[in-house]
Amino acid sequence: FQAEDGIRDVERSRGLGDVYKRQGFVESFLSDPISAYKKVVEYYGGDEESSKFIIYVVLRELLSSKPDLVDKAFKCIVSDNYRCIQGIWKTIAGD
């Protein structure tokens, strides 16, 4: 429920904080971001748009020192391209 003033019903709202609170999400994301993305989609009842937004925000936070890699990593994740994301993670680890 969203009121006219934009305040959402707290009990029904599932925001980014809910995802971060889940045990081990960041660790899971770093080890297998594609599977983590699929879990977020499942968590949000198949809502891929909300899930993509959350994954993008997580990437921006995790890759804050490498903003040029955020869009590339996002495309790799949502297209199920494991080789691509592994290459990005290797690039980050090598720095």
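Look up a bit, the structure's there.
The structure contained in this document is the topic of the report that follows. Each chain carries its own residue numbering, running from 1 in the written order of its sequence. Since the coordinates come from a predicted model, pLDDT governs what is reported: local features require at least 70, and pairs of side-chain atoms require 80 or more to be given and counted, while whole-chain, interface and lining totals use all residues. Computation of side-chain values: all heavy atoms of the structure, hydrogens and water removed.

1. What to know about the overall build of the protein chain
Step number 1: A run of H or I in DSSP becomes a helix once it reaches four residues, and a run of E becomes a strand once it reaches two; helices and strands are each numbered from the N terminus. For the protein chain, the helix and strand inventory stands at 6 helices and 0 strands.
Step number 2: Its helices and strands taken in sequence order, the protein chain reads α-α-α-α-α-α from the N to the C terminus.
Step number 3: Counting across all 95 residues of the protein chain, residues that qualify as buried make up 27%.
Step number 4: Between two residues, a contact is recorded if the distance between any of their heavy atoms is within 4.5 Å. Partitioning the intrachain contacts of the protein chain with sequence separation of at least 6 by distance along the chain shows that 45% fall at a separation of at least 24. Exposure classes here rest on a 1.4 Å probe applied to the protein chains alone. A residue is buried below 20% of its type maximum, exposed above 50%, and partly exposed in between.

2. Re the pattern of salt bridges
Step number 1: Note on definitions: salt bridges are taken to be side-chain nitrogens of Lys or Arg within 4 Å of carboxyl oxygens of Asp or Glu. One pass over the full model with this rule turns up 1 salt bridge.
Step number 2: Two residues, K38 and D80, come together in a salt bridge whose shortest N-O distance is 3.5 Å. In this pair, K38 is assigned in helix α3 (residues 33–43) and D80 in the loop between α5 (70–78) and α6 (82–94), connecting sequence segments 42 residues apart.
Step number 3: Residue classification places K38 among the partly exposed residues on the basis of a relative accessible area of 42%.

3. What to know about unusual backbone geometry
Step number 1: A positive phi is found at D80, a non-glycine position, where the angle reads about 60°.
Step number 2: Judged by relative accessible area, D80 falls into the partly exposed class, the value being 39%.

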